[in-house]
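# Commentary on secondary and tertiary structure
Read off the chains here:
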Amino acid sequence: MYDKTSMRADDFINHEEITDTLAYADAHREDRVLIREIIEKAKERKGLDHREASVLLACEDKEIESELFHLAEEIKQDYYGNRIVLFAPLYLSNYCINGCLYCPYHGKNKNIRRVKLTQEQIREEVIALQDMGHKRLAIEAGEHPEMNPIEYILESIDTIYNIHHKNGSIRRINVNIAATTVENYRKLKEAEIGTYILFQETYHKQSYLSLHPTGPKHDYDYHTEAMDRAMEGGIDDVGLGVLYGLELYRYEFAGVLMHAEHLEAVHGVGPHTISVPRVKPADDIDPEEFNGGISDETFAKLCALIRIAVPYTGMIISTRESQKVREMVLPLGVSQISGGSRTSVGGYAEEERPEENSAQFDVSDRRTLDEVVNWLMRLGYIPSFCTACYRAGRVGDRFMELCKSMQILNCCHPNALLTLQEYLEDYASEDTRRIGRDMIQKELGVIPNEKVRKKTVDYLKAITNGERDFRF
Ligand code: SAM
């Protein structure tokens, strides 16, 4: 039975509730009165529930769709301004005992080179990432209790936080590893991770079971209830995601919103982020084999509706998507993107060797971080390397409060400018530096509080004079 406060996966991601929701959405896709009511509610910028949002997703009226895109842009502007936070994935190990049909790391794949980084190799990777200008990483690993136990992950986190090369440092490590125990989540919390990210892949239980035929990940309930265990273990921020392309997107959309509603109902705080990966070609993987592929247009509509339905939740788009697609969805609500990414283990420090592929999927956006930063600014976005919220205790519900009260302009905006300044001074090309300095001057005027603005100017000067002991 559907119950968002239940701790059982089958109750809070209830299959009947999703199929009823989809039937309801189909029945009302042309119901102008209801659709108007839902849009008026969405304009209050407090979000929509999975049923309301599903009706909007089902509606194919072009005029309504363009109104929705417009609203998503406005909401994004209100809550996130023009800042885009940058990060990079760091693959630690591709040893894996699962049998996920869409992932080249699956245990039976004999083609890919299996690699587990030593702590020394992690150092080399992190130095290469710091030299690009990255401050925020998402570490990734396959599931392998012997090769990648929690102790290895914890040791790697400690290694990464302790590397200070030139002016570089990694200030926030988000973690994307397989579902684990409350005890292990507690250890991750003690290791001071940022967001714990785990993609559901699909909320459709039957599909999930057949897409994960072997290995611990086969356990749908254990996987789906992972975020509750993470929060029980003290982790403040969790990141949800569906791997679009595996199942019907309308089912997944209702599922991810129900998951967000469950977290909010039980823990008082929804997901910190939602990622929107689409399944990509990879060694031994052909995305055409799955039945849920979606067009770029549908993908854009999904992103817009996620922004409208959960305004306070950050949205992440990776280099799985091309420059063109990223450009299309950035204004619709994306708040974080990866840049300069390598999805192979050891791919930052060593040149990629196609004949010895260890990559997880093909990267579509292959530009360098400097090119991405330059491109963002030319589009009018402020690339932000800020990681301050986590250290300042603005996590979980406290972050949500800040976001809900729209105080973020006095807080995130200055931090974005300061971390951009650091990037410009330390890592940017001539052209990027020139565009960046102009942008910073212009954007200072957007900070509402005068005291904060003055302080920001002082800090900017200090950074230009070589001071680097700020911790944004
Ligand atoms: N092993 C961990 C787990 O089970 O959650 C870590 C996840 S893996 C390193 C990161 C994510 O990449 C997966 O959750 C999956 O959604 C995504 N992924 C796997 N194969 C992919 C493919 N062929 N195309 C795009 N994304 C893929």
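Preceding block: the structure.
To keep things clear, this report deals only with the structure shown in the data block. (Residues numbered from 1 in each chain as written. Predicted model: local features only at pLDDT ≥ 70, side-chain atom pairs only at ≥ 80, totals over all residues. Heavy atoms only, no water.)

Glancing now at the pattern of salt bridges. What the rule picks out here adds up to 31 salt bridges. Note that Glu 17 is salt-bridged to Arg 51, the shortest N-O span being 3.2 Å. Remark: Arg 51 occurs in helix α4 (residues 50-58) and Glu 17 occurs in helix α2 (residues 15-27); sequence separation between them is 34 residues. Relative accessible area serves as the criterion here: at 11%, Glu 17 is assigned to the buried category. For Asp 365, the salt bridge goes to Arg 367, with nearest N and O atoms at 2.6 Å. For the pair formed by Asp 365 and Arg 367, the shared burial category is buried. Within the structure, one salt-bridge network assembled from shared partners comprises Asp 26, Arg 29, Glu 60 and Arg 250. (Salt bridge = Lys/Arg side-chain N within 4 Å of Asp/Glu carboxyl O. Helix = DSSP H or I, 4+ residues; strand = E, 2+ residues; numbered from the N terminus. Buried < 20%, exposed > 50% of the residue type's maximum accessible area, 1.4 Å probe, protein only.)

Another point: the state of the cysteines. Cysteine pairs can be linked by a disulfide, which is a covalent bond between their two sulfur atoms. Applying the stated criterion across every chain, the model contains zero disulfides. Of all cysteine sulfurs, the one in Cys 303 lies closest to Cys 59, which takes part in no disulfide; the gap is 18 Å. (Disulfide = S-S within 2.5 Å.)

Around the ligand sit 19 residues, and of these Tyr 102, Glu 201, Lys 217, Lys 280 and Arg 320 come closest. Tyr 102 is positioned such that a nitrogen or oxygen atom in its backbone is 2.9 Å from a nitrogen atom of the ligand. A breakdown of the residues in the shell around the ligand according to their chemical character gives 10 nonpolar, three polar and six charged. (Near = heavy atom within 4 Å. Polar contact = N/O pair within 3.5 Å; in protein donor to acceptor, adjacent residues only side chain to side chain. Nonpolar A, V, L, I, M, F, W, Y, C, P; charged D, E, K, R; others polar.)

Attention shifts here to a negative patch on the surface. Taken together, the side chains of Asp 284, Asp 286, Glu 288 and Glu 289 present a region of like negative charge at the surface. On the basis of relative accessible area, Glu 288 is assigned to the exposed category, the value being 70%. (Patch = residues over 30% accessible without salt bridge, like charges linked within 9 Å, V, L, I, M, F, W, Y side chains within 5 Å. Areas by Shrake-Rupley, 256 points an atom, 1.4 Å probe, with all protein chains shown as cover. Lys, Arg positive; Asp, Glu negative; His and termini not counted. Charge placed at Lys NZ, Arg CZ, Asp CG, Glu CD.)

This paragraph deals with the pairing of strand β5 (residues 238-241). Burial of the side chains of β5 extends over both faces: Val 238 and Leu 240 are buried on one face and Gly 239 and Gly 241 on the other. Both strand β4 (residues 196-197) and β5 contribute to a ladder of two bridges, which runs parallel. Across the sheet, residue Tyr 196 finds its bridge partner in β5, namely Val 238. The pairing of β5 with strand β6 (residues 273-275) spans three bridges and is parallel. Considered in β6, the bridge of Gly 241 is made with Ser 275. (Pairing = 2+ DSSP bridges.)

What follows is about the packing of aromatic side chains. Going through the model one piece at a time under the given rule, you end up with six aromatic pairs. With a centroid separation of 4.8 Å and 65 degrees between ring planes, the pair formed by Tyr 185 and Tyr 196 is classed as edge-to-face. With Tyr 185 in helix α8 (residues 182-190) and Tyr 196 in strand β4, this residue pair connects regions lying 11 residues apart in the sequence. Each member of the pair, Tyr 185 as well as Tyr 196, carries the same accessibility label: buried. Among the aromatic side chains, those forming a connected cluster through ring pairs are Phe 385, Tyr 423 and Tyr 427. Its guanidinium or amino end placed over the ring of Tyr 222, Arg 229 lies 3.7 Å from that ring's centre, counting from NZ or CZ. Of note, Arg 367 hangs over the ring of Trp 375, and the distance from its end group to the ring centre comes to 4.1 Å. (Phe/Tyr/Trp six-rings, centres within 6.5 Å; stacked < 30°, edge-to-face > 60°. Lys NZ or Arg CZ within 6 Å of the ring centre and 35° of its normal.)

Further remarks concern the environment of Tyr 348. Topologically, Tyr 348 is positioned in the loop between β8 (336-338) and α15 (369-378). Along the backbone, Tyr 348 and Glu 125 are 223 residues apart, and their C-alpha atoms lie at a distance of 5.5 Å. Once you skip the residues sitting within four places of it in the chain, Tyr 348 turns out to touch Ala 88, Pro 89, Leu 90, Glu 125, Ala 128, Leu 129, Met 132, Gly 340, Ser 341 and Arg 342. In terms of polar contacts, Tyr 348 uses its side chain to reach the backbone amide nitrogen of Arg 342, at 3.1 Å. (Contact = heavy atoms within 4.5 Å.)

Between its terminal C-alpha atoms helix α13 (residues 296-309) stretches 20 Å, which fits the 20 Å expected from 14 residues at 1.5 Å a residue. Along α13, 11 of the 14 residues are buried, which leaves the element largely enclosed by surrounding structure. Every buried residue of α13 is listed here: Phe 299, Ala 300, Lys 301, Leu 302, Cys 303, Ala 304, Leu 305, Ile 306, Arg 307, Ile 308 and Ala 309. (Expected span 1.5 Å × (residues − 1).)

Of all hydrophobic cores here, the largest spans 141 residues; its most connected members are Ile 157, Leu 188, Tyr 196 and Ile 337. Setting aside residues up to four positions removed in sequence, Leu 188 forms contacts with Ile 150, Ile 153, Leu 154, Ile 157, Val 175, Ile 177, Ile 193 and Ile 235. (Core = buried A, V, L, I, M, F, W, Y, C linked by side-chain atoms within 4.5 Å.)

A few words on the packing of helix α18 (residues 412-426) against helix α20 (residues 450-464). Taken N-terminus to C-terminus, the directions of α18 and α20 make an angle of 15 degrees; their axes are 10 Å apart at the nearest point. With respect to their mutual orientation, α18 and α20 come out roughly parallel. Here α18 and α20 pass one another in a crossing that is right-handed. On α20, the residues that touch Pro 414, Leu 417, Leu 418, Gln 421, Glu 422 and Glu 425 of α18 are Val 452, Thr 456, Tyr 459, Leu 460, Ile 463 and Thr 464. Broken down by class, the residue content of the contact of α18 with α20 amounts to seven nonpolar, three polar and two charged. (Axes fitted to C-alpha atoms, helices over the stretch in contact; angles between N-to-C directions. Parallel < 35°, antiparallel > 145°, perpendicular 65-115°, else oblique. Left-handed = near helix turned anticlockwise from the far one by under 90°.)

Quick look at the environment of Ala 42 now. Among the secondary structure elements, Ala 42 is positioned in helix α3 (residues 32-43). A relative accessible area of 0% means that Ala 42 is categorised as buried. In sequence terms Ala 42 and Glu 225 are 183 residues apart; their C-alpha atoms lie 29 Å from each other. Those residues within four positions of Ala 42 in sequence are excluded, and the remaining contacts are Leu 48, Leu 71, Ile 75 and Ile 308.

This paragraph deals with unusual backbone geometry. At Arg 45, a position not held by glycine, the phi torsion is positive, near 65 degrees. Within the fold, Arg 45 resides in the loop between α3 and α4. For Arg 45, a relative accessible area of 16% translates into the label buried.

Taking burial as the measure, the six residues of strand β2 (residues 136-141) include six buried ones, the bulk of the element. Where strand β1 (residues 83-93) and β2 come together, five bridges link them in parallel fashion. Counterpart to Ser 93 in the pairing with β2 is Ala 141. Each parallel crossover has a hand, and for β2 linked through helix α7 (residues 150-161) to strand β3 (residues 172-176) it is right-handed. (Right-handed = clockwise from strand over helix to strand, strands pointing away.)

Shape descriptors only; they carry no functional weight alone.
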